[in-house]
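Summary of structural features
Listed here are the chains, written in short residue letters.
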Amino acid sequence: MPEGHTLHRLAGHLADTFAGRPVHVSSPQGRFVAEAALLDRTELLGAEAWGKHLFVEFADERLVHVHLGLIGKFDVVAGPLVPPVGQVRLRLVRDDLAAHADLRGATRCDLVGPRRRDEVVAALGPDPLRADADPDRAWRRIVRSDRSIGDLLMDQAVLAGVGNVYRAEVLFRHRIHPLRPGRTLRRSQFDAIWADLVELMTEGVRTGRIDTVRPEHTPEAMGRPPRKDDHGGEVYVYRRTGMPCWICGAGVRTEGLAGRNSFWCPRCQPVFRSRARDRH
DNA sequence: CTCACATGTTAAG
DNA sequence: TTAACCTGTGAGC
């Protein structure tokens, strides 16, 4: 579930559902009880996402810092209240009882103040989903790095909010091999990647899915069955190891990179050739 | 049913 | 580099 678009979408849902009214805060699981008691029946002011970090804002400068990790979920549920299922670390209930939100499986759920929030934000690279993002900060780090672009795109200190799906897909869309060193990218390529991430991730916030195939490669356009798995979105290479590339038919490759599986098409994303060699 | 793996990060070894 | 966190899903038996 959680790349940056999930958290931005969630921030919007939480704000729409709870902002401007007192909220009942509890921790059915028991691991956030003291903090929940402090927030209980105070006003929820809003919610904001920075990369994959979420801050739920309550009165008196109190914030709940949430990170979903790999498996966490924060479900916003409209309708009558039901007993918590599983390990619900944080539950928000609207004062009219007509909606609630349950947090499960998160790696982080802390009560913090603005100072801690600022620390977390300061450690993050620019977030393509934020209008105030400065892509130059990411470019400066990428262009002077020997690390691979696949590694750099996943580094939240370089660029915030991109995860394993957007990494694989945006590199495919720009025909760049994930192992290519950051310092070999041209500015125009980075600019195109950034602009594409802004567009793709904004669409992800709108739909709640990661769809990255261009109109001519959709299941309808190609007369192929839609993707069937828990992600829902249509993609070019992510988790398609061994299957034919939608564009050239070559088998999609995979390899561990930065601790995660990276996916690419060996024909559409050829191994980088150095500038010296290009001159021949 | 059990098992492997997953859109992530941190901390221990 | 590996385990741990903690939940859900799909594949295989």
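Our structure's up above, just so we're on the same page.
First, a word on scope: everything that follows refers to the structure included in this document.

A short note on the protein's contact with DNA strand C
Taken together, Arg31, Ile71, Lys73, Gln87, Gly105 and Thr107 make up the full set of residues near DNA strand C. Among the atoms of DNA strand C lying within 4 Å of the protein, the sugar-phosphate backbone contributes 58%. Note that a phosphate oxygen of DNA strand C is positioned 3.3 Å from one of the backbone N or O atoms of Gln87. Looking at the surface near DNA strand C residue by residue, the classes come out as 1 nonpolar, 3 polar and 2 charged.

Focus: the packing of helix α6 (residues 164–173) against helix α7 (residues 187–207)
Running from amino to carboxyl end, α6 crosses α7 at an angle of 130 degrees, the nearest separation of the two axes being 10 Å. On the basis of their axis angle, the class for α6 and α7 is oblique. Of the two elements, α6 crosses α7, and the hand of that crossing is right-handed. Of α7, the residues touching α6 (which contributes Tyr166, Val170, Leu171 and Arg173) are Ile193, Asp196, Leu197, Leu200, Met201 and Gly204. A breakdown of the residues in the contact of α6 with α7 according to their chemical character gives 7 nonpolar, 1 polar and 2 charged.

Overview of the side chain of Gln269
Counting through the fold element by element, Gln269 comes out in the loop between β10 (260–264) and α9 (275–278). In this view, Gln269 contacts Leu171, Phe172, Arg175, Ile176, His177, Pro178, Val237 and Trp264; residues no more than four positions away in its chain are not counted.

A word on the pattern of salt bridges
For the structure on display, the rule yields 23 salt bridges. In this structure, the salt-bridge partner of Arg104 is Asp102, at a minimum N-O distance of 3.7 Å. Residue Arg104 is classed as partly exposed on the basis of its relative accessible area of 23%. With a relative accessible area of 4%, Asp102 lands in the buried category. Across the pair Asp155 and Arg147 runs a salt bridge whose closest N-O atoms are separated by 3.0 Å.

About the criteria used
Residues numbered from 1 in each chain as written. Chains lettered and ligands numbered in written order. Predicted model: local features only at pLDDT ≥ 70, side-chain atom pairs only at ≥ 80, totals over all residues. Heavy atoms only, no water. Near = heavy atom within 4 Å. Polar contact = N/O pair within 3.5 Å; in protein donor to acceptor, adjacent residues only side chain to side chain. Nonpolar A, V, L, I, M, F, W, Y, C, P; charged D, E, K, R; others polar. Axes fitted to C-alpha atoms, helices over the stretch in contact; angles between N-to-C directions. Helix = DSSP H or I, 4+ residues; strand = E, 2+ residues; numbered from the N terminus. Parallel < 35°, antiparallel > 145°, perpendicular 65-115°, else oblique. Left-handed = near helix turned anticlockwise from the far one by under 90°. Contact = heavy atoms within 4.5 Å. Salt bridge = Lys/Arg side-chain N within 4 Å of Asp/Glu carboxyl O. Buried < 20%, exposed > 50% of the residue type's maximum accessible area, 1.4 Å probe, protein only.

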